[in-house]
Amino acid sequence: MTNARVIDAAETESPTARPSVIPVVAATSLRVPGRGRNAAGAPVRFSFDGRSLTGRAGDTLAAALLANGIHLVGRSFKYHRPRGILSAGCEEPNALVGTDRGKGRYEPNTRATTAEIFEGFCSTSQNCWPSLRTDVGAINDRLAPLFSAGFYYKTFMWPKSFWNKVYEPIIRGAAGLGKPPTEPDPDTYAARYAHCDLLVVGAGAAGLAAALAGARSGAKVILVDEQAEAGGWLLSEPDVTIDGRPAWVWLSDVVRILSGMPNVTVLTRTTAIGYYHQNFLGLCQRLTDHLATVPEGAPRERLWKVRARQVVLAQGAIEKPLVFAGNDRPGVMLAGAARSFLNRYGVRVGERAVVVTSHDSAWAAALDLARTGTAVPLIVDLRPTVSPDLLAEARRSGIEVMCGGTVTDTRGRLRISAVRVNPVAASGTVGEGRWVACDVLLMSGGWTPSLHLFSHTGGKLIWDEDDQIFLPGQATEACRCAGAGTGRFGLAAALADGAAAGAAAARDAGFAAKAGGFAVEGEAAMTGIACRDLPTDRDAAFAKAFVDFQNDVQAKDIRLAVREGFRSVEHIKRYTTNGMATDQGKTSNINGLQIAANALDRSAPSVGLTTFRPPYTPTTFGAFAGYNRGSLFEVTRRTPIDAWAAANGAVWEPVSLWRRARYFPKAGEDLHAAVARECRGVRASVGLFDASTLGKIEVVGPDAATFMNRLYTNAWTKLEPGRCRYGLLLGEDGFIRDDGVIGRMAHDRFHVTTSTGGAARVLNTMEDYLQTEWPELDVFLTSTTEQWAVIAVQGPNARNVIASLVEGIDLAPEAFPHMAVAEGRICGVPMRLFRVSFTGELGFEINVPARYGRAVWEAVHAAGRPYDIVPYGTETMHVLRAEKGYIVVGQDTDGTLTPDDAGLGWAVGKAKADFVGKRSLSRLDMLKPDRKQLVGLLTQDPRIVLQEGGQIVAERDGPIPRRMIGHVTSAYWSEALGRSIALAVIEGGRSLQGQTIYVPMPDTVHAATVSGMVFLDPEGQRLAA
Amino acid sequence: MIQECKTLQGTAIPGIPGRLAVTLAPDCARLVLRLRPEGRAAAGTALGLTLPDRFGEVDESGERLAICLGPDEWFVLLPECEAAAADERMAATATSPFSLVDVSHREVGIAVCGPAATLALSSFCAFDLESMPAGSATRTILDRAPAVLVKHDAERYRIEVWQSFADHVWSLLAAVSREIALDI
């Protein structure tokens, strides 16, 4: 299908250079004795795709696989191409595996380059079937021309109805990464806040130097690094000396000094995932993923939330892949990664390595490998000339060098077996290719400074034309960048830059700090050029030259996007999906940008770099949730009587943060049966209800009545101590905000109750007015919501039940009438007793100090036994109040109802000079006769209980959509009336009394008659009993 | 007299010897005192304390503790038996209008002590506890629960939290205690 796949035997260098079989190597032979940070690490058994393998303690999964000669670890996202290990760090786009830590601890898409192995570690490849080596989905690779950028917008548009049901599920099924876990996450997660003078992100050379400078000044320092140990690139660069000491000796000295300082916290395995406003950073610390045995109850990860005075970002740089045909074959990897695997883990990545580079750093990898037993037949450098020192070193190691060369193809089904290299003339003409056998191809396109966190702050990036890289510009937060992250490559530069940044940051945080100096020897040069996709002698339109490995985006996709009219990198990114995978384009953004800029014939900055957003690397949901899962997901407020309700079978209902008993079912009862029984019990004899959640505010002071007058609609001045009144609170807009019964305890003291959900809001409103509008009033507020447990005793026998328990209050109707309040004792403890009713029955609300609530409840319950007292829940409470037309603010009102709209005009003190909201009530709009008004509804079929929220129309039939004139706010089955009842807001509702309205439902239309709001005992005789 | 039923009664968080001890504070009388600044000195005399005049300042002597929570607001802890007497003395000696409200049952007191106390609280409190002076207090949010936090000294804290939020705070402390016990 494509000529790129046709291999001409004549092109090969020699028959011997074309191995048909990759040499099988014993695992140990790829380990270099005595080399690596974990050279003395114990053998560790782990598994990959069910195969039992041996690695070494301290290995990442990638290092251990490579030590076993395994490069093939996965299949690509879209084309199911075999993929290997590209990098040695968090930027890895290819080597994503599933890991299983047992007991339901399965995680997909773990980067093999960051996962640390331990005894029994279990991993599997992804996106392949039936197996990694033989994957049916690889047919996509053969059909690649069908799957160009945006193919799904073009190919699968007809017939339209097929998109949702056929095309999209198939495309989504074929493309992909790991499968999400099927079991709930059994792990726990932790969180921690921290404050420091200096936060240093990255514990490489620059970060260590910055932390040292800051720590020695006395500043409180947090040093954070995502890897298992501090050191950054130093861990891969053991052969330099710093201050006369070998790099690793210097490193352990510095880490020991820092760890020993009381003002320093060093956090490893901790990724700075996001940089937010005012120097607030999120750090995700991995606590147990690397442990073979996790202590019982240990959290898996901890999210640190750090507020830092100053921040130094020493994030380093990420090596760029080169873009050429076949650059994604297993065995093609970044040169720096090969060097890390060798020097840090003692693993040679192959037996025969060809190097292709545009940067000096890859030469060091070639030389290190050559010294440790890997054959390095050839270095291809894209630059026409390189430093004579490098050439001399290569010559000494017997490595052939091709300067001014290019790579145009690779070969090998599941692992690279040969690479095609061509000379490039000064004119740019690509010469004839030859094949060179190899089992690894190391590439380097130079280094990209990591600007992710700097970009999170909104700091602008500046394009460096010389080095073709973006650099940090003006900071918007108190932060500095240092080291390779600022384009200052090289160890000496990083140390000096880090020390200067650390000292300057500490000074800005108020400490006397100075930057130390460091002497570095043995450092290699770090120069190079940037290039887009490599020149080729073949048709580039057919080259499978990958830019974004994880999302399978090729150079030709980006060119296609440009040809189809995309101009901004933000659009090209979304069209091609370049940089949109879980690696967020760490290895692909700059290559993609340079190819796009070339195709557009514009400069890179004018095409733009996409914005980096948190998190820096994929982060678990668990880390974000922290402690807030399970029972700690949200606060569950419980009343003092909650435990009794639980023991008596309550079914719960969440009401704001509270859980309240909704009903108390007896054996075999459903909601309706239980509520009907509870309603009958209250109306026939007596019921018991936990009203403790009601908001309560003690309003005290000589001006208390004046204050209440100004705030509430009602008149308070003439309310006698010992009496209560229903109070209505409006906003300045004249709409109902809250309501509740308010008792005057003394001349200068009110006991205000609010709705359950409104408690905090009403207190804040009161405090706000007192502090800002009426500071002259001598009134003081105290929240007493949780000081009092409230037990409502409601029903014709309510007085009989409590009479024997109450001391100091004459309960006779004439002495203690409806809306009376008094202080006395019940069961020997102090009590405020309200004679109020939210049921329409004779009722009392007993307020006792909260810790007595449970015992008083039980005493009342016991005293009520002769009267068959029935504990009832919120559902019954709602039915009983609706039968009486008592509203619930927030259910029957929605913030657009005036007192008159709600039928509460009687609660407005007409003679009052002012109160909050008064002026709004006289606005023309508020006086219109067709405002929505609260009314009662009686369905024509008494068995039908309307849907709350159901829309109301005036006519049964007519064109759709019909005009909606209101909606149902409350609807219940009324046991007392033997029929359904409802409350509704309807335009001009009160003028529609007796008329029929309609509530259309999906399958039918209900007819109902508009009625008054009070369905039961309109004269209030029961109340006065 | 009937029995009190106390929030968190019968629960315990295992102590970590030499590191952390989380316990329920003994019962006490809790009063919210609100008055204008000119009445501060007289009110202090009536309550047997010096009422501090700066936010977050604490006056502590024996079992008596007063926290200034606002320009006109003090949270006062007294020995349990003294609430009624304090009320009477205030009524008798106050020089300006005031409000003294008994909220003894509103709150639960939790003592968090030990070298790891600051660390434990930092797990769910955004406030900079290390910089918080010894002998000070603040209103703050513990995860999602509003509370008053008193720092007696670098290793002794007291949380005063409304009863219905206490279980949430207690459960957090239990989780954090496990981390500290595991030294993780």
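Residues numbered from 1 in each chain as written. Chains lettered and ligands numbered in written order. Predicted model: local features only at pLDDT ≥ 70, side-chain atom pairs only at ≥ 80, totals over all residues. Heavy atoms only, no water.

**Describing the overall build of chain B**
Part 1: A tally of helices and strands in chain B yields four helices and ten strands.
Part 2: Seen in sequence order, chain B has helices and strands lined up from the N terminus as β-β-α-β-β-β-α-β-β-α-β-β-β-α.
Part 3: In terms of principal-axis extent, the alpha carbons of chain B reach across some 55 × 45 × 30 Å.
Part 4: Sorting the 184 residues of chain B into buried and exposed places 55% on the buried side.
Part 5: Within chain B, contacts between residues separated by at least 24 positions form 62% of all contacts whose residues are at least 6 apart in sequence.
Part 6: Here chain B displays about 7500 Å² of accessible surface, and carbon together with sulfur accounts for 53% of that area.
Part 7: Side chains of chain B carry 16 positive and 25 negative charges; the gap between the two charge centres is 2 Å. (Helix = DSSP H or I, 4+ residues; strand = E, 2+ residues; numbered from the N terminus. Buried < 20%, exposed > 50% of the residue type's maximum accessible area, 1.4 Å probe, protein only. Contact = heavy atoms within 4.5 Å. Areas by Shrake-Rupley, 256 points an atom, 1.4 Å probe, with all protein chains shown as cover. Lys, Arg positive; Asp, Glu negative; His and termini not counted. Charge placed at Lys NZ, Arg CZ, Asp CG, Glu CD.)

**Concerning the overall build of chain A**
Part 1: Helices and strands together make up the secondary structure of chain A, namely 24 helices and 51 strands.
Part 2: When the backbone C-alpha atoms are referred to their principal axes, chain A occupies close to 115 × 70 × 55 Å.
Part 3: Computing the positive centroid from 110 side-chain charges and the negative centroid from 106, chain A places the two 2 Å apart.

**A look at the interface of chain A and chain B**
Part 1: Residue-level contacts link 52 residues of chain A with 50 residues of chain B.
Part 2: Summing both partners gives a buried area of about 4400 Å² for chain A against chain B, and 56% of it is carried by carbon and sulfur.
Part 3: Taken as a group, Phe780, Glu786 and Arg851 of chain A account for 21% of the area that chain A buries against chain B, more than any other trio of residues on that side.
Part 4: Between chain A and chain B we count nine salt bridges in total.
Part 5: Between Asp27 of chain B and Arg851 of chain A there is a salt bridge whose closest N-O contact spans 3.9 Å. (Buried area = accessible area lost by both parts, 1.4 Å probe. Salt bridge = Lys/Arg side-chain N within 4 Å of Asp/Glu carboxyl O.)

**What to know about the pattern of salt bridges**
Part 1: Inspection of every chain in the model, using the stated rule, returns 75 salt bridges over all chains.
Part 2: Across the pair Asp552 of chain A and Arg83 of chain A runs a salt bridge whose closest N-O atoms are separated by 2.6 Å. Of this pair, Asp552 of chain A sits in the loop between strand 30 (546-548) and strand 31 (553-554) while Arg83 of chain A sits in strand 4 (residues 82-83), and the two are 469 residues apart along the sequence.
Part 3: Its relative accessible area of 1% is what places Asp552 of chain A among the buried residues.
Part 4: Note on Arg83 of chain A: relative accessible area 1%, which makes it buried.
Part 5: For Arg144 of chain B, the salt bridge is made with Asp143 of chain B, and the minimal N-O distance between the two is 3.9 Å.
Part 6: Using a relative accessible area of 24% as the deciding quantity, one classes Asp143 of chain B as partly exposed.
Part 7: One connected set of salt bridges, linked through shared partners, spans Arg81, Arg83, Asp141, Asp328, Lys544 and Asp552 of chain A.

**Notes on the nonpolar core**
Part 1: Ranked by size, the top nonpolar core spans 77 residues in total, and within it Leu61, Phe324, Met333, Phe341, Val356, Leu442 and Met443 of chain A carry the most contacts.
Part 2: Ranked by the residues each element gives to this core, the list is headed by helix 1 (residues 61-67) of chain A, at seven residues.
Part 3: Setting aside residues up to four positions removed in sequence, Leu442 of chain A forms contacts with Met333, Ala335, Ala338, Val349, Ala353, Val354, Val355, Val356 and Leu369 of chain A.
Part 4: In this structure, Leu8, Ile159, Ala174 and Val176 of chain B belong to the second largest nonpolar core, which totals 38 residues. (Core = buried A, V, L, I, M, F, W, Y, C linked by side-chain atoms within 4.5 Å.)

**Digging into the domain arrangement of chain A**
Residue and element names in this part refer to chain A.
Part 1: Splitting chain A by domain gives domain 1 (31-148), domain 2 (191-317 + 449-513), domain 3 (545-633), domain 4 (643-681), domain 5 (690-880) and domain 6 (928-1025).
Part 2: Here the C-alpha centroids of domain 1 and domain 2 sit 29 Å apart.
Part 3: Listed by partner, the interface residues are nine residues for domain 1 and 13 residues for domain 2.
Part 4: Both sides together, the interface formed by domain 1 and domain 2 hides about 1000 Å², and carbon and sulfur atoms give 43% of it.
Part 5: When the area that domain 1 buries against domain 2 is broken down by residue, the three leading residues are Arg37, Arg101 and Glu116, summing to 58%.
Part 6: When the shortest N-O distance is used, the salt bridge between Arg300 and Glu107 registers 2.7 Å.
Part 7: In this assembly, domain 1 and domain 2 are joined by four residue pairs in polar contact (both at pLDDT 80 or more). (Domains from an automatic or database assignment. Polar contact = N/O pair within 3.5 Å; in protein donor to acceptor, adjacent residues only side chain to side chain.)

**Some details on the sheet that holds strand 23 (residues 434-437) of chain A**
Think of a sheet as strands paired side by side through backbone hydrogen bonds, with each pair either parallel or antiparallel.
Residue and element names in this part refer to chain A.
Part 1: Strand order in the open sheet formed by three strands is 21-22-23, with antiparallel pairing between adjacent strands. Single-partner strands in this sheet number two, and they are strand 21 (405-411) and strand 23. Neighbour-to-neighbour, the strand axes of the sheet open up by a mean angle of 35°, direction not taken into account.
Part 2: Across four bridges, the pairing between strand 22 (residues 418-423) and strand 23 is antiparallel. Within strand 23, the residue paired with Ala418 across the bridge is Ala437. (Pairing = 2+ DSSP bridges. Axes fitted to C-alpha atoms, helices over the stretch in contact; angles between N-to-C directions.)

**Structural notes on the pairing of strand 32 (residues 651-655) of chain A**
Residue and element names in this part refer to chain A.
Part 1: By the bridge criterion, five bridges tie strand 32 to strand 33 (residues 658-663) in an arrangement that is antiparallel. Following the sheet pairing, Pro654 is matched in strand 33 by Arg659.
Part 2: The antiparallel hairpin formed by strand 32 and strand 33 contains two residues in its connecting segment, where Ser656 sits at a positive phi of about 45°.

**Details of the sheet that holds strand 1 (residues 21-24) of chain B**
All names here are of chain B.
Part 1: The strand order 1-7-10-9-8 describes an open sheet built from five strands, whose pairing is antiparallel. The open sheet has two edge strands, strand 1 and strand 8 (136-142), and neither has a second partner. Pairwise comparison of adjacent strand axes, ignoring direction, gives a mean angle of 25° for this sheet.
Part 2: Alignment of strand 9 (residues 145-153) against strand 10 (residues 156-162), held across six bridges, turns out to be antiparallel. Pairing of Asp153 across the sheet is with Arg156, part of strand 10.
Part 3: Against the sheet, helix 4 (residues 163-182) makes contact with strand 1, strand 7 (107-113), strand 8, strand 9 and strand 10, and its axis sits at roughly 140° relative to strand 10, the strand it touches most.

**Describing the packing of aromatic side chains**
Residue and element names in this part refer to chain A.
Part 1: Tallied over the full model, the rule gives 17 aromatic pairs over all chains.
Part 2: Between Phe707 and Trp774, the ring centres sit 5.9 Å apart and the planes meet at 80°, which makes this aromatic pair edge-to-face. Taken together, the residues Phe707 in helix 19 (residues 704-711) and Trp774 in the loop between helix 20 (759-772) and strand 39 (780-783) connect sequence positions 67 residues apart.
Part 3: Grouped by ring-pair contacts, the aromatic residues Trp644, Phe664 and Trp857 constitute a single cluster.
Part 4: The lysine or arginine in question, Arg37, covers the ring of Trp248, its NZ or CZ lying 4.6 Å from the ring centre.
Part 5: The ring of Tyr616 has Lys586 sitting right over it, with the charged end atom 4.5 Å from the ring centre. (Phe/Tyr/Trp six-rings, centres within 6.5 Å; stacked < 30°, edge-to-face > 60°. Lys NZ or Arg CZ within 6 Å of the ring centre and 35° of its normal.)

**Observations regarding the environment of Arg559 of chain A**
Residues and elements named next belong to chain A.
Part 1: Residue position: Arg559 is located in helix 12 (residues 555-563).
Part 2: C-alpha of Arg559 to C-alpha of Ala541: the two residues are 18 residues apart in sequence and 9.0 Å apart in space.
Part 3: Those residues in contact with Arg559 that sit more than four places away from it in its chain are Arg532, Asp533, Ile595, Asn598 and Ala599.
Part 4: In this structure the side chain of Arg559 is engaged in a polar contact, spanning 2.6 Å, whose partner is the side chain of Asp533.

**What to know about the packing of helix 5 (residues 205-216) of chain A against helix 11 (residues 491-508) of chain A**
All names here are of chain A.
Part 1: Closest axis-to-axis distance for the helix 5/helix 11 pair is 7 Å, and the angle between their directions is 35°. The handedness of the crossing between helix 5 and helix 11 is right-handed. Across the interface between the two elements, Ala205, Ala206, Ala209, Ala210, Ala213 and Gly214 from helix 5 touch Leu491, Ala494, Leu495, Gly498, Ala499, Gly502, Ala503 and Ala506 from helix 11.
Part 2: Its residues placed into classes, the contact of helix 5 with helix 11 shows eleven nonpolar, three polar and no charged. (Left-handed = near helix turned anticlockwise from the far one by under 90°. Nonpolar A, V, L, I, M, F, W, Y, C, P; charged D, E, K, R; others polar.)

**Overview of the confidence of the model for chain B**
Part 1: In this model, chain B carries a mean pLDDT of 95, and residues with pLDDT of at least 70 account for 100%.
Part 2: Among the scores for the predicted complex, ipTM is 0.98 and pTM is 0.93. (pLDDT = per-residue confidence, 0-100.)

**Remarks on the side chain of Asp439 of chain A**
Residues and elements named next belong to chain A.
Part 1: By the secondary structure assignment, Asp439 is in the loop between strand 23 and strand 24 (440-444).
Part 2: Given a relative accessible area of 7%, Asp439 falls into the buried group.
Part 3: A distance of 2.8 Å separates the side chain of Asp439 from the backbone nitrogen of Arg352, its partner in a polar contact.
Part 4: Setting aside chain neighbours within four positions, we find Asp439 in contact with Gly331, Gly350, Glu351, Arg352, Ala353, Arg415 and Ile416.

**Overview of helix 13 (residues 569-576) of chain A**
Residue and element names in this part refer to chain A.
Part 1: Turning to helix 13, its buried residues are Val569, Ile572, Lys573, Tyr575 and Thr576.
Part 2: Among the residues of helix 13, the N-terminal cap falls to Ser568, whose side-chain oxygen and the backbone nitrogen of Glu570 are separated by 3.0 Å.
Part 3: At the exit of helix 13 stands Thr577, carrying a positive phi of roughly 65°.

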